[in-house]
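# Summary of the model geometry
Here is what each chain is made of, one letter per residue.
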Amino acid sequence: MDDGVDDAAESPADATDPIAATLRADPTMATLIDRHGPLDVAPADDEFARLCTSIVNQQLSTASAAAIRERFVGVLGGDPTPDRVLAADRAALREAGLSGTKVEYLRNVAAAFRDDERDFTREGLAEASDEAVVDRLTEITGVGPWTARMYLIFALGREDVLPLGDLAVRRGFEQIYNGGESLSRAEMREIGEAWRPYRSYGTRYVWAEYES
């Protein structure tokens, strides 16, 4: 899934761009770039809201997640902030389509972001490696490795993430590179090696092709 991020105007659209030049070294990826056009990886304007989106999206189809996300924002009365999430009525959040577990996860994340001693913003994590970010985020109950890697791509705009914990990514790899037959994660990692250091961009094209 693409985690609800809109495609941006600037992207690796032509082979003179270093990102596109790297991806196009993989002939299959070159075909996907031509088919789907510009896809971008950029940091979110609001990291907390983006993390909330990932939690809402956990184990849901794109369509279901979008509908629940809209109702969630309606219950909050505006874009997600830690204070709004913590003040929201639990029953109303359940009625919006969130499971009780996800309500608690969202509250856990809100409390962590409101903690003055913890900084999960792009600036606060600027010096942290991708794996260090995953380690910090997964200390929050409700944030697993999948959610943390979605945060790397869609909140922080990290360019070299290959989230093989995502079912759509794995199925996309199998569909695109192996005629729908199964591939091991090691085989997928080997394919993705050709995209370094821009594996997040390659991942976006895999999602786009799988969902088309």
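Not measured: the values here are computed from a predicted model.

Okay, the overall build of the chain next. A count of helical and extended segments in the chain gives twelve helices and zero strands. Starting at the N terminus and walking to the C terminus, you meet the elements of the chain as α-α-α-α-α-α-α-α-α-α-α-α. The C-alpha atoms of the chain give 18 Å as radius of gyration, which agrees with the globular expectation for 212 residues (17 Å, within 12%). Taken along its principal axes, the extent of the C-alpha atoms in the chain is 50 × 35 × 35 Å. Sequence separation of at least 24 residues holds for 66% of the intrachain contacts in the chain that already meet a minimum separation of 6. By element, 45% of the accessible surface of the chain is carried by carbon and sulfur atoms, the whole surface being about 10100 Å². The centroid of the 23 positive side-chain charges in the chain is displaced by 5 Å from the centroid of its 39 negative side-chain charges.

A few words now on the UniProt feature "domain: HhH-GPD" (unreviewed entry) in the chain. Under the local residue numbering, the UniProt record ascribes the feature "domain: HhH-GPD" (unreviewed entry) to residues 56-211. With 62% helix and 0% strand, the stretch residues 56-211 has end C-alpha atoms that lie 19 Å from each other.

Each assigned domain of the chain is listed here: domain 1 (19-41 + 162-211) and domain 2 (47-156). Put simply, the middle of domain 1 and the middle of domain 2, counted by C-alpha atoms, are 26 Å apart. At the junction of the two partners, domain 1 supplies eight residues and domain 2 supplies six residues. Contact with domain 2 buries surface across domain 1, with Pro 163, Asp 166 and Trp 207 losing the most and accounting together for 51% of the total. Joining domain 1 to domain 2, the criterion identifies zero salt bridges. Put simply, domain 1 and domain 2 have one residue pair in polar contact (both at pLDDT 80 or more) between them.

Analysis parameters
Residues numbered from 1 in each chain as written. Predicted model: local features only at pLDDT ≥ 70, side-chain atom pairs only at ≥ 80, totals over all residues. Heavy atoms only, no water. Helix = DSSP H or I, 4+ residues; strand = E, 2+ residues; numbered from the N terminus. Rg over C-alpha atoms; globule rule 2.2 N^0.38 Å. Contact = heavy atoms within 4.5 Å. Areas by Shrake-Rupley, 256 points an atom, 1.4 Å probe, with all protein chains shown as cover. Lys, Arg positive; Asp, Glu negative; His and termini not counted. Charge placed at Lys NZ, Arg CZ, Asp CG, Glu CD. UniProt positions renumbered as here; feature names shortened; annotations may be inferred. Domains from an automatic or database assignment. Buried area = accessible area lost by both parts, 1.4 Å probe. Salt bridge = Lys/Arg side-chain N within 4 Å of Asp/Glu carboxyl O. Polar contact = N/O pair within 3.5 Å; in protein donor to acceptor, adjacent residues only side chain to side chain.

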